[in-house]
Amino acid sequence: MLLRGVCAVAVVGLLLAGCGEAPRRPPLQSDVGVPVDQSGADAGDVNDVNIVDASTVDAGDVNDVNIIDAGDVNDVNIADAGDVNDVNIADAGPALDAPPTADGALGDGALPVDAGADATLAADGTVDAGADASVDASVDAGADASVDGGGDVADASADVPRDAAGDAGCAGAVCGGRCVDLQYDPDHCGACGQVCPSARVCEGGVCRPGQRLAGGNNHSCALRSDGTVWCWGSNETGQIGDGTLETRRAPVQVMGLAGVVEVGAGDMASCALRRDGAVFCWGLNRTGEVGDGSLENRLVPTRVLGVDDAVELGTYGYRPCARTRRRGVVCWGGTGFVAMNDLRVIAGTEGIVALGRGSTVTCGLDRGGSVLCWGNPQNNIGQWGSTMTPLLDQPLAAEGLSDAVNVEGGVNHSCALRAAGTLVCWGYNNFGQVGNGRTATSVRTPTAVINLTNVVAFGAGFLHSCAVLGNGRAFCWGTNFFNQSGVLDTRPVLTPTEVAGLDRAVSIAVGGDQTCALRDDLSVWCWGGNRSGQLGDNSPVNSRETPGPVAFGSHNTL
């Protein structure tokens, strides 16, 4: 009997907090504490004037800093000249012969000099008004002030990083000559050159899914902007997480959860990832999928034992997984092929940067663009994306994929987004969920979904798949018995077909009998089966092929 299960969601291009909204990056602290030991010069014979303690020097905006001396200068303060603050010229020493060149510059070419008379220094340290000697210390806006080994300032374009405003100084890291915040930069997340895959956002130095919706077999969940989780639909095993077994035809808040950054809905259970790396699950627990060491269903979120450094959730079938900071991917629960309650570290997953969702098989994306799958050792319907015979929990590469940028899984089929914006799927295809225009027991290797380009979001569910294009339009294919593929006819949809009445979509959650999409205004729209209230709109209809808004209350948005 098939495992009814998990859905998957991917978002590309939209950065949303937690699962979908862009976390607000704290501003870079620019212009802070960059010591510069700058050699200056006097209009007359003074050379080698050392500027010390030049805090907050903006290499792009420094101009017209007057260095005053006519002989021996000691402790003259230059204050707030442009963006230069508290630059001390200390002990110029005796005047040296450094005749200016024809254009007024000193012999070493360091700074242009006014060829007028020498300035005189009054007793109070000010300049005689009659003096006109000055040094123009303006810096070309295209160059950065750098400090060489001798402590002098040179004109070099990449030695001192600039922040977003073009100012010198960097509180983050210098990657490729650019100042970046490793906590929030998706191209340098946690380390220079560590790029977050599509649909992932950089938060806290790790790549997290940019999704806020998750669809299970007959229930769905959403992450709101305040870090709380809300679910609706079937609740026969407690998968709604409100402490009851009552069906919920509109969203209700999951008990005891805050600070959540990702939510998942599976066959008859749900999970959430908290910002601190802890994972909580609730609902069906007959194979240990809640992860608390028991086999008792849980009506409220229960912490998964042994997982405290998770950065992403994976599978939500009978064997959930999580990507961790230190151990690669870990999985718990059972699928009939492994021991229950067995928290297992999956060897060879240390390079995984994104997890897909699935039930009997889990797939992940590595940094090189390959997709690795593990789980059910039978591979009887092509779930691994390979014609080879796999070993239990030994990742196997899906064949022919080296340019994947995201991966998602359903119950017995998976899909991957390629760099060119096209989609490939593999696995069980009895209702056309692979999207190649035909039905077959299995498709063993990644196969192109026909007539689909510019994909930015996608998901694989129980027996159907969906995708969102860059123009905000959504397409689905596969089983349509409850109109979950968005077509009134209940026959299988063998090729991607547009969902009528939906625009401005940015992500999509593909479940069992239902599908939900997030629009760019953070409203959620669902269609398909509604026998257990999966549409979340409090309506009594059995199914609906056109999307309708989920009733969150107030403005009905996340």
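Placed above this text is the structure.
From a predicted model like this one, the values you see are computed outputs, not experimental measurements.

Peer 1: Explain the overall build of the chain to me, please; I cannot follow it from the model alone.
Peer 2: Looking only at helices and strands, the chain has 1 helix and 38 strands in total. The buried share among the 558 residues of the chain stands at 58%. Considering only contacts in the chain between residues 6 or more positions apart, those separated by 24 or more positions represent 51%. When the accessible surface of the chain is summed, it comes to about 20,600 Å², and 50% of that surface belongs to carbon and sulfur atoms.

Peer 1: Would you mind going over the pattern of salt bridges with me for this structure?
Peer 2: Think of it this way: side chains of opposite charge can pair up when their charged atoms draw near. As enumerated under the stated definition, the model contains 22 salt bridges in all. Here D292 makes a salt bridge to R298, at a shortest N to O gap of 2.7 Å. Taking relative accessible area as the criterion, D292 reaches 15% and is therefore assigned buried. Of the charged contacts, one joins R323 and E312 as a salt bridge, the two residues approaching to 3.0 Å between their closest N and O atoms. Of the two residues, R323 sits in strand β20 (residues 321-324) while E312 sits in strand β19 (residues 310-313), which places them 11 residues apart along the sequence. Here R323 matches E312 in class, with each residue buried.

Peer 1: I tried to follow the nonpolar core on my own but got confused; where do I start?
Peer 2: Across soluble globular proteins, nonpolar side chains show a tendency to be buried alongside one another. Counting 24 residues, the largest nonpolar core has V329, V371, W374, A416 and W426 as its most contacted members. Listing elements by their share of this core, those giving two or more residues are β21 (329-331), β23 (352-355), β24 (361-366), β25 (371-375), β27 (404-409) and β29 (423-429). Counting residues in hydrophobic clusters, the runner-up holds 16 residues, among them A214, I240, A278 and W282.

Peer 1: Help me out: how do you make sense of the sheet that holds strand β36 (residues 514-519) in this one?
Peer 2: The strands that make up a sheet are held in pairs by hydrogen bonds between backbone atoms, and each pair lies either parallel or antiparallel. Reading across the sheet, the 4 strands line up as β35-β36-β37-β38 and stay open at both edges, with antiparallel pairing between neighbours. The open sheet has two edge strands with one neighbour each: β35 (505-510) and β38 (543-549). Between one strand and the next, the sheet's axes are offset by a mean angle of 15 degrees, whatever the strand orientation. Bridging between strand β37 (residues 524-529) and β38 involves 4 bridges; their strand directions are antiparallel. The residue bridging G529 from the neighbouring strand is S543, located in β38.

Peer 1: For this particular structure, what's the right way to read unusual backbone geometry?
Peer 2: Excluding glycine, a negative phi dihedral is what most residues carry, and trans is how most peptide bonds are arranged. Its identity as a non-glycine residue notwithstanding, N451 has a phi of 60 degrees, on the positive side. Summarising the element assignment, N451 is placed in the loop between β30 (440-448) and β31 (455-460). A relative accessible area of 71% means that N451 is categorised as exposed. A positive phi angle is found at L522, which is not glycine, with a value near 70 degrees. Considering the arrangement of structural elements, one finds L522 in the loop between β36 and β37. Given the relative accessible area of 18%, L522 is considered buried.

About the thresholds
- Residues numbered from 1 in each chain as written.
- Predicted model: local features only at pLDDT ≥ 70, side-chain atom pairs only at ≥ 80, totals over all residues.
- Heavy atoms only, no water.
- Helix = DSSP H or I, 4+ residues; strand = E, 2+ residues; numbered from the N terminus.
- Buried < 20%, exposed > 50% of the residue type's maximum accessible area, 1.4 Å probe, protein only.
- Contact = heavy atoms within 4.5 Å.
- Areas by Shrake-Rupley, 256 points an atom, 1.4 Å probe, with all protein chains shown as cover.
- Salt bridge = Lys/Arg side-chain N within 4 Å of Asp/Glu carboxyl O.
- Core = buried A, V, L, I, M, F, W, Y, C linked by side-chain atoms within 4.5 Å.
- Pairing = 2+ DSSP bridges.
- Axes fitted to C-alpha atoms, helices over the stretch in contact; angles between N-to-C directions.

None of the figures reported here should be taken as evidence of function without further support.
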